[in-house]
Amino acid sequence: NVRATTLNNTVTITPVAPTGTGCAGLCSGGDAQVDVTAIQNGIKLTNRPIRFDVFQGDFRFVTPGTNVLVTSILLNTDENGVARARITATVTAPTQVAILTTTDTVSGLVRRTNFVINQVISGVGILSILPSGPVTFTGSKGAVGQPGNCPVGGIVDHYIYGGTPPYSVVSPLPQYLSVFPSVVTTNGGSYRVTENSCGSGTLIVTDAQNRALESPSVIGVVGPAGDAPPAVIPATITITPTALAVGCGQTGTVSVSGSGTFTATVSTAGVPPGAFVVTPTAGLIPGTISFTRNTSVPPAAPVTSPTTIVVNVAGATVVPVTVTVPATCP
């Protein structure tokens, strides 16, 4: 008996899931979509039961809704006459030619389709790590007037999924990122990363099939700088007047205003002790300073005139006061 075919001559296999770096087509651990169109005399057949079977190769069909992996599955065509199945290659599949069969259960027509499964070494798309994004730790704030500190002791747990356990975990810079344990024995197991400085680093996770995946970055950033030291407000001083004449036995006075403390000293050389009296020689501002020409100083010890009295505020500001006095007294 010769029957009209109910299946067109094309069975399409399209990779739809992660395929790994450098993978062409369907790769170990990856998924693909299989489309079969049922047509008879140019008419698309809807709700037509099509059976998909594994004839040869390391792949399985994914049951819709439950994701259970099976070697045979029965699916009906849709309104466009297309029956669509999802296949997944096992993560341990070596490079091979695989064969699937599609059977029109009404007519009994069977079609075999060959395709290639490629083995991949890269874990990209097969292995996954959570959290999937970078984790950042910030150091503590610096002391007053000092830069911030690098973080030390930040901890994050990474969870590994996919591939084939056990997984080895290696830190290229263990002095910066330390890891424990270095071997994770179960799918979904975890390792702990401890960050010890400023900078950015990753770890390398490798499964039992030598598929390697770089972990998300762990970043340490310097903390904020310490607060600026309090501003030093300089003491201020104003002296009135800054020049005066004082006779023998007389006293002249100036007023000191502003803030802080002051010291007053005679700066002109050649002034004998007691010939010129400054009272007080230190004190709080505001205040007054008196200058007296002592009459008991003998003529043999003349006083240079004029004499300069230097007033310092907290050892910083210098204000000279010029005092004109008799060279000798009485």
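As shown above, the structure is provided for reference.
Before going into details, it helps to say that this report is about the structure given with it.

1. Quick look at the state of the cysteines
Part 1 of the reasoning: On inspection of all chains with the given rule, the structure shows one disulfide.
Part 2 of the reasoning: Shown here is the disulfide that connects cysteine 150 with cysteine 198, its sulfur atoms set 2.1 Å apart. Its S-S torsion of about -115° marks the bond between cysteine 150 and cysteine 198 as left-handed, since a negative value means left-handed. Here cysteine 150, found in the loop between β13 (135–138) and β14 (154–161), pairs with cysteine 198, found in the loop between β18 (190–195) and β19 (199–201); they are 48 residues apart in sequence, far enough to count as distant.
Part 3 of the reasoning: Given a relative accessible area of 26%, cysteine 198 falls into the partly exposed group.

2. A few points about a nonpolar patch on the surface
Part 1 of the reasoning: A cluster of nonpolar side chains, Leu130, Tyr159 and Tyr161, forms an exposed patch at the surface whose accessible area comes to about 270 Å².
Part 2 of the reasoning: Among the structural elements, tyrosine 159 can be located in strand β14.
Part 3 of the reasoning: Classification of tyrosine 159 by relative accessible area gives partly exposed; the value is 35%.

3. Focus: the sheet that holds strand β29 (residues 287–293)
Part 1 of the reasoning: Taking strand neighbours across the sheet as the criterion, the four strands line up as β23-β25-β29-β27 in an open arrangement whose pairing is antiparallel. Strands at the two margins of the open sheet, each flanked by one partner only, are β23 (237–240) and β27 (276–279). With strand direction ignored, the average angle separating the axes of adjacent strands in the sheet is 20°.
Part 2 of the reasoning: Direction of pairing for strand β25 (residues 251–258) relative to β29: antiparallel, over a ladder of six bridges. Following the sheet pairing, threonine 251 is matched in β29 by threonine 292.

Reading the values: rules and limits
Residues numbered from 1 in each chain as written. Predicted model: local features only at pLDDT ≥ 70, side-chain atom pairs only at ≥ 80, totals over all residues. Heavy atoms only, no water. Disulfide = S-S within 2.5 Å. Helix = DSSP H or I, 4+ residues; strand = E, 2+ residues; numbered from the N terminus. Buried < 20%, exposed > 50% of the residue type's maximum accessible area, 1.4 Å probe, protein only. Patch = residues over 30% accessible without salt bridge, like charges linked within 9 Å, V, L, I, M, F, W, Y side chains within 5 Å. Areas by Shrake-Rupley, 256 points an atom, 1.4 Å probe, with all protein chains shown as cover. Salt bridge = Lys/Arg side-chain N within 4 Å of Asp/Glu carboxyl O. Pairing = 2+ DSSP bridges. Axes fitted to C-alpha atoms, helices over the stretch in contact; angles between N-to-C directions.

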